[in-house]
Amino acid sequence: MKFLKYLVLTLITLCTAFSCAEADEEPIHTYNTIKSIRIRPLTDDPTIPAIQGEIDEERHEIRFKIYRDERAKYEKEPNVFLPFYIEAELGWDAVVTPALTGLHDFNYYDAASNPMVITVTAQSGEQRQYSLLVYVSSQNKPE
């Protein structure tokens, strides 16, 4: 019986010792995607909502649609957008360049020829680029 106790205790100790990962071994994450993203205009009016981005993983595009009847809310003057804050949820340990902090002026970017481009880099070093496009829809906001 004593031998059986020692045998079981030895097996448990060996299983525990060999199943633990080394302290310096950290998993390398390969998440280089954007889970969700939205833009929020610089304004004192709390009734103006943020715009949720539509992420197209195949084309590596993120589109922010402003409905035609809400266009004036997002403009500081006709055809000139307010600056926007960008808020994004990324994969684990991913980094975005250029940084999304601060205000971004989408008036400098053209959706067709010169979109804002960001790069998401995973901890493993894998990269994915996205084009950010703000556009005014030909439709009014659905009720």
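Shown above is the structure to which this text applies.
Residues numbered from 1 in each chain as written. Predicted model: local features only at pLDDT ≥ 70, side-chain atom pairs only at ≥ 80, totals over all residues. Heavy atoms only, no water.

Caption draft 1: Focus on the overall build of the protein. Of regular secondary structure, the protein possesses one helix and eleven strands. Each helix (α) and strand (β) of the protein, taken in turn from the N terminus, gives the series α-β-β-β-β-β-β-β-β-β-β-β. Within the span of the protein, comprising 143 residues, buried residues form 29% of the whole. Long-range pairs, those at least 24 residues apart, make up 59% of the contacts in the protein with a sequence separation of at least 6. (Helix = DSSP H or I, 4+ residues; strand = E, 2+ residues; numbered from the N terminus. Buried < 20%, exposed > 50% of the residue type's maximum accessible area, 1.4 Å probe, protein only. Contact = heavy atoms within 4.5 Å.)

Caption draft 2: Representation of the sheet that holds strand S9 (residues 103–104) in the model. On the basis of which strands lie adjacent, the open sheet formed by four strands has the order S2-S1-S7-S9 and antiparallel pairing. Looking at the sheet topology across the chains shown, the edges are occupied by strand S2 (51–52) and S9. (Pairing = 2+ DSSP bridges.)

Caption draft 3: Inspection of the environment of glycine 125 at higher detail. One can find glycine 125 in the loop between strand S10 (116–121) and strand S11 (127–136). In sequence terms glycine 125 and threonine 30 are 95 residues apart; their C-alpha atoms lie 7.7 Å from each other.

Caption draft 4: Focus on the side chain of glutamate 61. Note on placement: glutamate 61 falls in strand S4 (residues 61–66). Its relative accessible area of 13% is what places glutamate 61 among the buried residues. Sequence-distant contacts of glutamate 61, defined by excluding residues within four places in its chain, comprise Glu54, Ile55, Asp56, Tyr130, Ser131 and Leu133.

Caption draft 5: Here's a closer look at unusual backbone geometry. Each neighbour pair has its own omega, and for threonine 97 with proline 98 the value is -10°, a cis peptide bond. The topology assignment puts proline 98 in the loop between strand S8 (95–97) and S9. Within the chain, asparagine 79 stands out as a residue other than glycine whose phi angle is a positive 65°. Topologically, asparagine 79 is positioned in the loop between strand S5 (75–77) and strand S6 (80–81). Residue asparagine 79 is classed as exposed on the basis of its relative accessible area, which comes to 59%.

Caption draft 6: Representation of the packing of aromatic side chains. Under the criterion given, the structure shown has three aromatic pairs. With a centroid separation of 6.4 Å and 25° between ring planes, the pair formed by tyrosine 74 and phenylalanine 84 is classed as stacked. One end of the pair, tyrosine 74, is in the loop between S4 and S5; the other, phenylalanine 84, is in strand S7 (residues 84–90), and ten residues separate them in sequence. Here tyrosine 74 falls in the buried class, since its relative accessible area comes to 1%. Among the residues examined, phenylalanine 84 registers a relative accessible area of 0% and is labelled buried. Consider the rings of phenylalanine 84 and phenylalanine 106, whose centres lie 6.0 Å apart with planes at 70°: the pair is edge-to-face. Of the two residues, phenylalanine 84 sits in strand S7 while phenylalanine 106 sits in the loop between S9 and S10, which places them 22 residues apart along the sequence. (Phe/Tyr/Trp six-rings, centres within 6.5 Å; stacked < 30°, edge-to-face > 60°.)

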